[in-house]
Amino acid sequence: MDNPGSYEYRQVPQDVDAERAVLGAIFFDVKSDNAVVAASAIIEADDFYRQAHQTIFKAMQQLIDEQRPIDMLTLQDKLNSMQQLDNVGGMAYLAEISESSASSANLKHYANIVREKAILRRMIDTLTRSMSLAYDASEPSEEILDALNRNLDSLAENRGDEDFQKIKDVLQEFQSNLDSAVENDNDVVGLATGYPEFDKLTHGFREDQMVVLGARPAVGKTAFVLNIAKNVAKSEQVPVVVFSLEMGAVDLVTRLVAAEGAIDSNHLTTGQMTQEDWQSLTLAMQSLANMQIYMDDTPGIKINQISAKLRKLEKDIVSDMKPDQRINNPHPIGMVIIDYLGLIESNNKESRQQAVSEISRSIKKLAKELHTPILALAQLSRGVEQRTDKRPVLSDLRESGSIEQDADIVAFLYRDDYYRNDGDEDDSDPRDEEESVPIEIILEKNRAGARGTAKLMFNKPTFKFSPMAPLFRNDPNAGPNGTAGW
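First, a word on scope: everything that follows refers to the structure included in this document. (Residues numbered from 1 in each chain as written. Predicted model: local features only at pLDDT ≥ 70, side-chain atom pairs only at ≥ 80, totals over all residues. Heavy atoms only, no water.)

The subject of this paragraph is the overall build of the protein. When its secondary structure is counted, the protein shows 19 helices and 9 strands. Relative to its 486 residues, the protein shows a buried fraction of 44%. Contacts in the protein between residues far apart in sequence, at least 24 positions, make up 68% of those at least 6 positions apart. (Helix = DSSP H or I, 4+ residues; strand = E, 2+ residues; numbered from the N terminus. Buried < 20%, exposed > 50% of the residue type's maximum accessible area, 1.4 Å probe, protein only. Contact = heavy atoms within 4.5 Å.)

Dropping the structure here:
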């Protein structure tokens, strides 16, 4: 058997000719400052494989910083001052580069080749170090995998693929979005949650958005996001992914079936089903089975594992598409739900607040990468219990860190009956006399619209959320906006 620790020597990825072409193109360009700036936007000195090329490129950058032209004499002077002229091959090698036939018109093409090879070399270095750690077995596999994923993510983030966009081009995209909005006959331009009053405030959840929903325990936040997941998967016909770090997949399905079929969840748990329940169950299961809802109930999952699973799922969904669908919809996941943010584990041992801040930033970056809204649940601190008005505010977010900065939307759930009963009820085992209760969705932050409050009804036995009934809106004790003053 071959020794697993021995490897056949292979030359690392490199293209010395492309490196020389970049440097030659800078010599060739009369306005070499423009050429250096163009090259520096794509590559840095460390991207060159040959040490001599790294040094020459650094010298060229320094000449531009000093507002000096780049020619044989100035470059010779700069390399002499750096005591590097002999190390790069002397004047003979500088002359060889300056006489290169490389055209400045092809500078970006050459620079992209240099960058690509550099990224491949860094990938090899990252993987080799991880393999060495794996062979040593001196660190837990989980930590090695986490470091590997973070390093690979860092490589992906620093590729520098995006050029500046001219405002003329961005205006065209803006005009296209505006035209689509004008043709739309309602205020919702993103994914509709199924609750018009809420959608009117948010205009629907849009790609790249990070949405945070906070509430005290047992108010109904899990039930609410499951209703949203069901509504989006059903009406928008897009894949919806639910990561549940607290509840198992069967418990989630129990709530979904109860809400979809308007069945008392106690009947589903105990098996004491009525004939009407059985009929509703059959229809609910058929309806849910046709929805693209994916669940993951891995306890203690880490954000890099969530990222990896979502990328794999996206790849699997795209591979099942027809060719034209892949072109039109390269990012098919419609929405992601994480229940809840505080249970995501982190390798940051310094403080939980820093760990949550890192997780929050990672969720926002993941939303942009997948071009999908990510809805993350959050627990609230006990401070809300000490106030007369117990409606949550941004400062009530537990270990908030950068959550309120990263999130595009921050909303809270509030139920007046929760505090009338001292918060001792469990929405997974409803025992309160009031089966259907009003509930407020309070938007404390909304980058794309106004702050405000939407009112819904929450049926606790079935975990079903519904728009507010007109009866409540006409209540003589109604509060602001004509809604029931609970």
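Having seen the model, we can carry on.
On to the sheet that holds strand β9 (residues 464-467), then. Sheet strands pair by backbone hydrogen bonding; their relative direction is either parallel or antiparallel. Strand order across the open sheet formed by 9 strands is β3-β2-β4-β5-β1-β6-β7-β8-β9, with mixed pairing between neighbours. The open sheet has two edge strands with one neighbour each: β3 (293-296) and β9. Within this sheet the neighbouring strands show an average axis-to-axis angle of 25°, counted without direction. Both strand β1 (residues 210-215) and strand β6 (residues 409-414) contribute to a ladder of 4 bridges, which runs parallel. From the neighbouring strand, glycine 214 faces β6, where its bridge partner is phenylalanine 412. Packed onto the sheet, helix α16 (residues 352-370) meets β1, β4 (335-339) and β5 (374-379) and runs at close to 160° relative to β5. (Pairing = 2+ DSSP bridges. Axes fitted to C-alpha atoms, helices over the stretch in contact; angles between N-to-C directions.)

Glancing now at the nonpolar core. By size, the foremost hydrophobic cluster in this structure holds 54 residues, and its most contacted members are Phe205, Phe224 and Ile441. Counting residues per element, this core draws most heavily on helix α10 (residues 221-235), at 8 residues. Excluding residues within four positions of it along the chain, phenylalanine 224 makes contact with Tyr195, Phe198, Leu213, Leu413, Ile441, Leu456 and Phe465. Val22, Leu63, Ile70 and Tyr93 belong to the second-largest nonpolar core, a separate cluster that totals 33 residues. (Core = buried A, V, L, I, M, F, W, Y, C linked by side-chain atoms within 4.5 Å.)

A few words on the packing of helix α4 (residues 72-81) against helix α5 (residues 90-98). Orientation of α4 relative to α5, taken along the N-to-C sense of each, is 140°, at an axis distance of 11 Å. Put simply, α4 runs oblique to α5. Viewed along their axes, α4 and α5 form a crossing whose handedness is right-handed. Contacts from Met72, Leu75, Gln76 and Leu79 of α4 reach α5 at Met91, Leu94, Ala95 and Ser98. Tallied by class, the residues present in the contact of α4 with α5 amount to 6 nonpolar, 2 polar and no charged. (Parallel < 35°, antiparallel > 145°, perpendicular 65-115°, else oblique. Left-handed = near helix turned anticlockwise from the far one by under 90°. Nonpolar A, V, L, I, M, F, W, Y, C, P; charged D, E, K, R; others polar.)

As a further point, take unusual backbone geometry. Put simply, aspartate 339 and tyrosine 340 share a cis peptide bond, and its omega is 0°. Along the chain, tyrosine 340 falls in the loop between β4 and α16. In this structure, histidine 371 is a non-glycine residue whose phi angle is positive, near 55°. Structurally, the position occupied by histidine 371 is in the loop between α16 and β5.

Another aspect to go through is α16. The terminal C-alpha atoms of α16 lie 27 Å apart, and with 19 residues this matches the ideal 27 Å at 1.5 Å per residue to within 8%. By the burial criterion, the buried members of α16 are Ala355, Val356, Ser357, Ile359, Ser360, Ile363, Lys364, Leu366, Ala367 and Leu370. Buried residues in α16 make contact with β1, α14 (303-319), β4, β5 and α17 (403-406). Directly after α16, the chain includes histidine 371, whose backbone phi takes a positive value near 55°. (Expected span 1.5 Å × (residues − 1).)

Bringing the environment of glutamine 379 into the picture now. The topology assignment puts glutamine 379 in strand β5. The class for glutamine 379 is buried, based on a relative accessible area of 10%. Sequence separation of glutamine 379 and glycine 214 is 165 residues, and the distance between their C-alpha atoms is 5.6 Å.

Attention shifts here to the pattern of salt bridges. Per the counting criterion, the structure on display carries 20 salt bridges. Ionic pairing is found between arginine 68 and glutamate 66, a salt bridge with its closest N-O pair at 3.3 Å. Residues participating in the shared-partner salt-bridge network are Glu66, Arg68, Asp77 and Lys78. (Salt bridge = Lys/Arg side-chain N within 4 Å of Asp/Glu carboxyl O.)

Further remarks concern the pairing of β9. Sheet analysis places strand β8 (residues 452-459) next to β9, joined by 4 bridges and oriented antiparallel. For phenylalanine 458, the partnering residue across the bridge sits in β9 and is phenylalanine 465.

Let's shift gears to the environment of histidine 267. Note on placement: histidine 267 falls in helix α12 (residues 265-270). Remark: the alpha-carbon pair of histidine 267 and proline 461, spanning 194 residues in sequence, is separated by 9.3 Å. With near-sequence residues (within four places) excluded, histidine 267 lies in contact with Gln272, Met273 and Asp277.

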